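Here are the chains, one letter per residue:
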Amino acid sequence: GIGTGQRYLIEGTAFGAVYSLLGMLLAIPFYLLLAKELDSSFSPSLSWLWMAAVWMAAGLFLRMLVELSGNHTGGMGICFLLLLAFMIVSGMFIPLSFLPLWAERAGRLLPFGRWMEAITAALQGSALGTQAVWLLADMLVYLLLGVLFTKCREHQGMKKHYFAFLSAQDGKTEKGRRE
């Protein structure tokens, strides 16, 4: 069989790929409509394919958070709260100039801002350059963290079962001594 780390790599990659595919299926027609109907700076080109990498990075990030929480319900709650916080400190709702300096700095370090910059560059037909490197690094980090969280959970489960086994053995030994 395959180990838990390998299983996570397969599941995480599959989740990210499906998330990316769905994101592209929803986003491309919308952006094409905007580019055609409005006077926008969007120019349809092959650079739009980089948006799939942004969706993949976001999907791997979400899957990693679900793995960190240990259950899907908790993971979805964590995902929602973190993405909301990322949007706020990245200037999505309030311009960065109105945020405290610490929030502005945090927004520049968190992935949401990088994802938005990469999508903007892709939509405008620009080369991604460092954004492409960041996207690929993000994906690798999220996969590795997910594997680490999986391995930690597996180790904790094994320890729990081992100590339960030892406790059961001690109970049998004590019972034998009393008789």
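Residues numbered from 1 in each chain as written. Predicted model: local features only at pLDDT ≥ 70, side-chain atom pairs only at ≥ 80, totals over all residues. Heavy atoms only, no water.

Trainee: What should I look at first to understand the side chain of T4 in this one?
Mentor: Along the chain, the position of T4 falls in helix α1 (residues 4-37). Residue classification places T4 among the buried residues on the basis of a relative accessible area of 15%. Among the polar contacts listed, one links the side chain of T4 to the side chain of E154, at a separation of 3.1 Å. Those residues in contact with T4, other than ones at most four positions away along the chain, are T150, K151 and E154. (Helix = DSSP H or I, 4+ residues; strand = E, 2+ residues; numbered from the N terminus. Buried < 20%, exposed > 50% of the residue type's maximum accessible area, 1.4 Å probe, protein only. Polar contact = N/O pair within 3.5 Å; in protein donor to acceptor, adjacent residues only side chain to side chain. Contact = heavy atoms within 4.5 Å.)

Trainee: Can you help me understand helix α5 (residues 111-123) in this one?
Mentor: The periodicity of an α-helix, 3.6 residues per turn, causes residues three or four places apart in sequence to face the same way. Given a rise of 1.5 Å per residue, 13 residues ought to cover 18 Å, and the 18 Å separating the end C-alpha atoms of α5 matches this to within 8%. For α5, the full list of buried residues reads P111, F112, G113, R114, W115, A118, I119, A121, A122 and L123. Just past α5, the residue G125 takes up positive phi, approximately 80°. (Expected span 1.5 Å × (residues − 1).)

Trainee: Even after reading the chapter, I still don't get the environment of L83, so can you show me in this structure?
Mentor: Take L83: it is sitting in helix α3 (residues 72-89). Spatially, the C-alpha atom of L83 lies 7.7 Å from that of F112, the residues being 29 residues apart in sequence. Ignoring anything within four residues of it in the chain, the contact list for L83 reads F61, L62 and W115.

Trainee: Which parts of the structure should I look at to understand α3?
Mentor: Its 18 residues give α3 an end-to-end C-alpha distance of 26 Å, which sits within 8% of 26 Å, the value for a rise of 1.5 Å per residue. Buried within α3 are the following residues: G75, C79, L83, F86 and V89. Seen from one end, α3 has its buried residues packed into an arc of 130°, which puts them on one side. Summarising the geometry of α3, the exposed residues directed more than 90 degrees from the buried face are T73, F80 and L81. Among the structural elements, α2 (50-69), α4 (101-109) and α5 are those in contact with the buried residues of α3. Within two residues after α3, G91 carries a phi angle of roughly 85°, on the positive side. (Arc of directions from axis to C-beta.)

Trainee: So what exactly am I meant to see when it comes to the environment of I2 here?
Mentor: Note on placement: I2 falls in the segment before α1. In this structure I2 comes out as exposed when scored by relative accessible area, which is 54%. If we ignore the near neighbours within four places in the chain, the residues touching I2 are R7 and I10.

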